[in-house]
Amino acid sequence: MAKQKSGDVLRITHTNYESIMNGPRDYDLVLLITATDPRVGCHLCTEYNPSFIAIAGEHAKASQGKSNVFFALLDFNEKSRPIFQQMQLQNVPKLYYYPKTAKPTPLTAGFEQMPFMEGSHAENTVNWLLSKFPDHKFSVPLPPTDYASAALTVTFGAVCAYVVYLNLAKVVRNFLGKNVWALASTLTVLMFVSGYMFNSIRDTQYMRYDADKNPIYFVSGHQMQLGVETQIVSFIYGILSIFFVGLVQKLPRSEKLLKNRKAEFAATAAVCVAIFFAYSLLISVFHKKNLGYPYSLANLGVFF
Amino acid sequence: MKPLTSVLQTTAFALKVVIILSIAGAAISSRLFSVIRFESIIHEFDPWFNYRATKYLVENNFNDFLNWFDDRTWYPLGRVTGGTLYPGLMVTSGAIWHVLRKLSMPIDIRNICVLLAPAFSALTAYATYLFTSELKDSGAGLLAAALIAIAPGYISRSVAGSYDNEAIAITLLMTTFYLWIKACKLGSIFWSALSALCYFYMVAAWGGYVFITNLIPLHIFVLILMGRYSAKLYVAYTTWYALGTLASMQIPFVGFLPIRSNDHMAALGVFGLIQLVAFGNYVKSSTSSKQFKTFLTVSLVLIIALGVSGLFALTAAGLIAPWTGRFYSLWDTGYAKLHIPIIASVSEHQPTAWPAFFFDTQFLIWLFPAGIYLLFQDLANEHVFVIIYSVLCSYFAGVMIRLMLVLTPVICVCGAIAISKLFDVYLNLRELAATSEETRKDRIFQLLSRMIVIMSFGFYLCFFVYHCTWVSSTAYSSPSVVLASRNPDGSQAIIDDYREAYYWLRMNSPEDAKIMAWWDYGYQIGGMADRTTLVDNNTWNNTHIATVGKAMSSPEDKAYEILVNHDVDYVLVIFGGLLGYSGDDINKFLWMVRISEGIWPEDISERSFFTARGEYKVDDQASQTMQNSLMYKLSYYRYHEVFGMQAATDRVRNQVIPKKDIELDSLEEVFTSENWIVRVYQVKKGDNAGRNLQEAGSFERKAKGGRNRSAKKPEVGLREL
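- As named in an unreviewed UniProt entry, chain B is Dolichyl-diphosphooligosaccharide--protein glycosyltransferase subunit STT3, taken from Babjeviella inositovora NRRL Y-12698.
- Under the UniProt heading Pathway (unreviewed entry), the entry covering chain B gives this text: "Protein modification; protein glycosylation."
- In UniProt, chain B has this text filed under Subcellular location (unreviewed entry): "Endoplasmic reticulum membrane".

- In the nomenclature of an unreviewed UniProt entry, chain A is known as Dolichyl-diphosphooligosaccharide--protein glycosyltransferase subunit 3 of Babjeviella inositovora NRRL Y-12698.
- Under the UniProt heading Subcellular location (unreviewed entry), the entry covering chain A gives this text: "Endoplasmic reticulum membrane".
- We quote the UniProt Sequence similarities (unreviewed entry) comment for chain A here in full: "Belongs to the OST3/OST6 family."

Some remarks on the overall build of chain A
- From N to C terminus, chain A includes 11 helices and seven strands.
- Relative to the compact-globule value of 19 Å for 304 residues, chain A shows a C-alpha radius of gyration of 29 Å, a clear excess of over 25%.
- With respect to the principal axes defined by its C-alpha atoms, chain A has extents near 95 × 55 × 30 Å.
- Within the span of chain A, comprising 304 residues, buried residues form 40% of the whole.
- As presented, chain A carries roughly 16,900 Å² of accessible surface, and 61% of it is formed by carbon and sulfur atoms.
- One finds the centroid of the 28 positive side-chain charges in chain A at a distance of 10 Å from the centroid of its 20 negative side-chain charges.

Some details on the overall build of chain B
- The secondary structure content of chain B amounts to 33 helices and nine strands.
- Once the C-alpha set of chain B is aligned to its principal axes, its extents read approximately 105 × 70 × 60 Å.
- Here chain B, with 721 residues, has 55% of them falling under the buried criterion.
- Considering only contacts within chain B whose residues lie at least 6 apart along the sequence, 71% involve residues at least 24 apart.
- Put simply, chain B shows about 30,700 Å² of open surface, and 62% of that area lies on carbon and sulfur atoms.
- Here chain B holds 60 positive side-chain charges and 59 negative ones, and the gap between their average locations is 7 Å.

Looking at the UniProt feature "transmembrane region" (unreviewed entry) in chain A
Residues and elements named next belong to chain A.
- Using the residue numbers shown here, the UniProt feature "transmembrane region" (unreviewed entry) corresponds to residues 147-168, 180-198, 232-251 and 263-286.
- Strand forms 0% of residues 232-251 and helix 95%; the C-alpha atoms that close the span are 27 Å apart.
- Helix makes up 100% of residues 263-286 and strand 0%, whereas the separation of the span's terminal C-alpha atoms amounts to 34 Å.

Section: the side chain of Ser40 of chain B
All names here are of chain B.
- Structurally, Ser40 is set in the loop between α2 (33-37) and α3 (46-59).
- By relative accessible area, Ser40 is classed as buried at 18%.
- A polar contact of 2.8 Å, which involves the side chain of Ser40, links it to the side chain of Asn111.

Structural notes on the sheet that holds strand β3 (residues 69-75) of chain A
Residue and element names in this part refer to chain A.
- Spatially, β1-β3-β2-β4-β5 is the arrangement adopted by the five strands of the open sheet, whose pairing is mixed. At either margin of the open sheet sits one strand with a lone partner, and together these are β1 (9-11) and β5 (112-114). Across the sheet, the mean angle separating the axes of adjacent strands is 30° when strand polarity is ignored.
- Summarising the sheet, β1 and β3 pair through three bridges and their orientation is parallel. The residue of β3 that forms the bridge with Arg11 is Leu73.
- Packing against the sheet, helix α2 (residues 43-63) makes contact with β1, β2 (28-34), β3, β4 (94-98) and β5, and its axis sits at approximately 155° to β3.
- Most of the contacts of helix α4 (residues 121-132) go to β5, to which it runs at about 150°, and overall it touches β2, β3, β4 and β5.

Observations concerning the packing of aromatic side chains
All names here are of chain B.
- In the structure shown here, the tally under the stated rule is 68 aromatic pairs over all chains.
- Measuring from centroid to centroid gives 5.2 Å for Phe575 and Tyr636, while their planes differ by 85°, and the two rings are edge-to-face. With Phe575 in the loop between β5 (570-574) and α29 (585-599) and Tyr636 in helix α31 (residues 630-636), this pair connects stretches of sequence that are 61 residues apart.
- For Tyr636, a relative accessible area of 2% puts it in the buried group.

A few points about the pattern of salt bridges
Residues and elements named next belong to chain A.
- Inspection of every chain in the model, using the stated rule, returns 25 salt bridges over all chains.
- Notably, a salt bridge pairs Glu229 with Lys289, separated by 2.7 Å at the nearest N-O pair. Of this pair, Glu229 sits in helix α9 (residues 227-250) while Lys289 sits in helix α11 (residues 261-289), and the two are 60 residues apart along the sequence. Each of the two residues, Glu229 as well as Lys289, counts as buried.

Some thoughts on the pairing of strand β9 (residues 678-683) of chain B
Residue and element names in this part refer to chain B.
- Judged by how many residues are buried, β9 sits mostly within the fold: five of six residues are covered.
- Sheet topology note: the strand β8 (residues 667-672)/β9 ladder contains five bridges and is antiparallel. Looking across to β9, one finds that Leu667 is bridged to Val683.
- The hairpin formed by β8 and β9 contains five residues between the paired strands, and Trp676 there has a positive phi angle of roughly 65°.

A closer look at the UniProt feature "domain: STT3/PglB/AglB core" (unreviewed entry) in chain B
- In the numbering used here, UniProt assigns the "domain: STT3/PglB/AglB core" (unreviewed entry) feature to residues 514-562 of chain B.
- Between the first and last C-alpha atoms of residues 514-562 of chain B the distance is 13 Å; the span itself is 55% helix and 10% strand.

Remarks on unusual backbone geometry
- Cis geometry is adopted by the peptide bond preceding Pro76 of chain B, which originates at Tyr75 of chain B and carries an omega value of 0°.
- You can see Pro76 of chain B is positioned in the loop between α4 (62-66) and α5 (88-102).
- Look at Asp203 of chain A: it is not a glycine, yet its phi comes out positive at around 55°.
- By the secondary structure assignment, Asp203 of chain A is in the loop between α8 (196-202) and β6 (208-209).
- Accessibility expressed as a relative area gives 65% for Asp203 of chain A, which makes it exposed.
- For Asp530 of chain B, which is not glycine, the phi torsion reads 55° and is therefore positive.
- Relative to the helices and strands, Asp530 of chain B resides in the loop between α26 (522-529) and β4 (532-533).

Some points on the domain arrangement of chain A
- According to the domain assignment, chain A contains domain 1 (2-132) and domain 2 (177-303).
- Centre-to-centre, using C-alpha coordinates, domain 1 of chain A lies 46 Å away from domain 2 of chain A.

Regarding the pairing of strand β1 (residues 483-486) of chain B
- One ladder, built from four bridges, connects β1 of chain B with strand β2 (residues 492-495) of chain B; its direction is antiparallel. Bridge pairing in β2 of chain B places Ser485 of chain B opposite Ala493 of chain B.

Quick word on the environment of Met592 of chain B
Residue and element names in this part refer to chain B.
- Considering the arrangement of structural elements, one finds Met592 in helix α29.
- Sequence separation between Met592 and Trp518 is 74 residues; the distance between their C-alpha atoms is 8.1 Å.
- Residue contacts for Met592: discarding those within four places in its chain leaves Trp518, Gly549, Met552, Asp585 and Met631.

A look at the interface of chain A and chain B
- Facing 64 residues of chain A, the contacting portion of chain B comprises 62 residues.
- Interface area for chain A against chain B, summed over the two sides, is near 5,800 Å², with a carbon-plus-sulfur share of 72%.
- Counting the surface chain A buries against chain B, the share from its top three residues, Phe244, Arg261 and Tyr279 of chain A, is 12%.
- In this structure, the connection of chain A to chain B is made through zero salt bridges.

Here we look at the domain arrangement of chain B
- Each assigned domain of chain B is listed here: domain 1 (165-322) and domain 2 (497-719).
- If you average the C-alpha positions of domain 1 of chain B and of domain 2 of chain B, the two centres end up 52 Å apart.

Conventions adopted
- Per chain, the residues get numbers from 1 upward, laid out in the order the sequence is written.
- Think of it this way: whatever chain is written first is A, whatever ligand is written first is 1, and the rest follow in order.
- The predicted nature of this model means local features are confined to residues of pLDDT at least 70 and side-chain atom pairs, given and counted, to a pLDDT of 80 or more, with totals for whole chains, interfaces and linings taken over all residues.
- Computation of side-chain values: all heavy atoms of the structure, hydrogens and water removed.
- UniProt positions are given in the numbering used here, feature names are shortened, and annotations may be inferred rather than shown by experiment.
- Secondary structure elements follow DSSP: runs of H or I of four or more residues count as helices, runs of E of two or more count as strands, with numbering from the N terminus.
- Note on method: radius of gyration uses C-alpha positions; expected globular size equals 2.2 Å times residues raised to 0.38.
- Partly exposed describes any residue whose relative accessible area lies between the buried limit of under 20% and the exposed limit of over 50%, with all areas from a 1.4 Å probe on protein chains only and scaled to the type maximum.
- All accessibility values rest on the Shrake-Rupley procedure with a 1.4 Å probe; residue burial counts only the protein chains present in the view.
- In this tally Asp and Glu are treated as negative and Lys and Arg as positive; neither His nor the chain ends contributes.
- To locate a charge, take NZ of a lysine, CZ of an arginine, CG of an aspartate or CD of a glutamate.
- The contact criterion used throughout is that any non-hydrogen atoms of two residues lie within 4.5 Å.
- Polar contact criterion, stated in full: a pair of N or O atoms within 3.5 Å, where within protein one must be able to donate a hydrogen and the other to accept it, and residues adjacent in sequence count only if both atoms are side-chain atoms.
- Here a strand pair is declared whenever DSSP counts at least two bridges between the two strands.
- Axis definition: a line fitted to C-alpha atoms, limited for helices to the stretch in contact. Angles are taken between N-to-C directions and run from 0 to 180 degrees.
- Pairing of aromatic rings covers Phe, Tyr and Trp, the last through its six-membered ring, and needs centres within 6.5 Å; plane angles under 30 degrees mean stacked, over 60 mean edge-to-face, and all others mean tilted.
- For this document, the term salt bridge refers to a Lys or Arg side-chain nitrogen within 4 Å of an Asp or Glu carboxyl oxygen.
- Residue ranges assigned to the domains are those given by an automatic or database domain assignment.
- Accessible surface is computed with a 1.4 Å probe, and the buried area is the amount of it that two parts give up when combined, taken over both parts together.

Have a look at this one:
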């Protein structure tokens, strides 16, 4: 068994799965069944995989290779597809625990499964493992310290600080300037009203793909949102706001336009039309979220 | 010339009055959809408690109300209701009732409660008018008033029948802010005292007063940082803080919080700071600048060190309460999810996705940032206030969907200012008339460019009106006690199961019967059925709620012990499977499990309610624990009988319920409403022969030879759909 091990996690392939998973075993096996291939599009799999490998590594380190608990990983690909069929798996990821056994067991039995619940999956895994193997050590590994990156950050920070220090007067003048604050407040508000906090609290997906691999930018429902929606919507809001401010502040104050009324009309009309289309776009996007919304301006929903 | 100006002024004044009155009319009438469609009825959950408390207030006197100990909820603990509620709302409607009665207009207290929110929304529009007029001019004020009058974000909490604290709180919020701005501008003790008075009313009315408690100090703090300290600010803030804090401590529920809870520390800190700044200003005016610099550095370091260590020491000594849970969940959004399932389970505490912002404010949401930017162009003290309010509140509204309500007024104000600035530029007819030396062609183009702007924004404003009417009519006007649906032929069908069941309880159960239901329905049972409940929407005792959750998620025999120990006579469950009503107890069931698991992790485990695949199912794959739980049994008891020979489908979860009989030994079905939404079970008292109920039940089943129940079951054939 130990011979087949490369690193802390044993890779299960179509050549070795029978000997490992069918038993008999004189060791305990913790098996992660996953699909990290981006074509499968299993978000949780790719997210969870590194924590699993890290937990296995921590365990190997803590037990100095003397542990009787082995970690194994079965990844979905063309070659391993028959194993998945034999195990009758519909969805991944799954974390199974195969206890020691004296006689061979079929693939579809003889294991316990960890539920993927809410919260930190790494922590849940460790707790689950601890409940199965109370006398073994498991822990959530800390991310490794990246000294190079830290050094780079410190250097960069120091250089920045020095530059700022050299131009202190200028920086202070600009920093305290009204427009910087105006921009900062406006952008903050823009970010919040387009659902940024929803993304950060719910850890939403950035984007989705349908069966034909076409991107999906909007999911319907008032309490559903993708990460990209916030970006698109805040962009539309921002464009509309900029046009509006231009209409109020820039156009009427432009010396050139005051002299040439025709040009003024052209510019004003252009901005008004731009606002109209941006607003139409916003409402078309809103139609994707609220299917029953009865009103629309120009229908621009075809773009999404 | 003089008479003309005075005539114009009078006309302008009269026009303003007419406009404000029409806005008030629009505000009230757009909130009456539910009264017209259904009837004058109190909505949802919390309003039922407020209504019950108001009835208590008008039936007894004010002192009795403040000392009210309610033994009809939280059985057997009871609740010190008078000391744990914000009395502002009830006192307001009580006062209105008394005044109207003095004017010999006796009106049913229910109608006052139902119509209080629309009436106050008209006042909100007026307060917003005053507030915005202070920021720009009365034109912008009128526009802001019109916008807030119909903005769905505010209508959502103030339709007729939604008799909740927020109904009057937004009015008070805007009034307090108006008075505060006035006080800052004038540096007047009078206005500041009025502001404090209004703040007191706000504290009495809604827990959200903490927002004001932090916003006003923050305003002062930012102004000090901007170097705008002045004696006017000193007068305004010290008056407001001293009077406001003292007044707010008079509310029993608030008590000593303003000097102990961390939520209020910012106000205290700024109060200290402004004294120091005032003192520093005095020292500065009477010493040389070099001496002053040393003085400043030394004192700053000292003060910061003292302040921070003092805060830590007091918190460590337990003299200052830690951040309260609900407030904490605003800052550390992970905290609530992990530690307080009861907060995470309330939909009002969910974060807000972007459609909700758009839905609630439509085109104002993109005028909002533009409005903030335009405010920066003037940037007087009061504009700083609005900017802080906007930034802070948009964060809060993003974290907690309920706070959309507080954000809506400022969105309307900013939007109104933005549009008003646009109209100032493009509706300026004087300029158009003055440019005389230009050619005619130029004139036409000038006129055209104005027309296109005015017309397009006029159109957007009209569109906004349509949007608001549609939203408030379709989304925010459902009483949720009575549901509306459509028959196959398109006619309206009213689903009145809740009231049917509560009325049945009121008529058929003993007056001191104790009813166990999930806490969502506590207030309604208290208000409509007038029976004692174990838990209600005032979720003050997590353990007690967990007890109910445990009873619901335990197998029948264990649940029966809990029921008997708590003197429960009836158990009430909400079941939407027949109708496809998704807000039912089976969908809320996981929260019951989670909350009780938080207290008894050894008895209840959320995991065991899922299938082996980790799915939440109610069909034949459902886990054994799930199928044995009391909630499952009470929901699906005799469900398949409705379907006769067909498969019994749960229309919410789209799953087929197993056809085997569910046996209940210790409870018996006494009532099931027309659409099966409410099911009421009576808890059996001990067996006559002294057996335990399980034994008796299984004996009876054997004796009768399989399934043969008593004859009094209702004819289910009639109910088949």
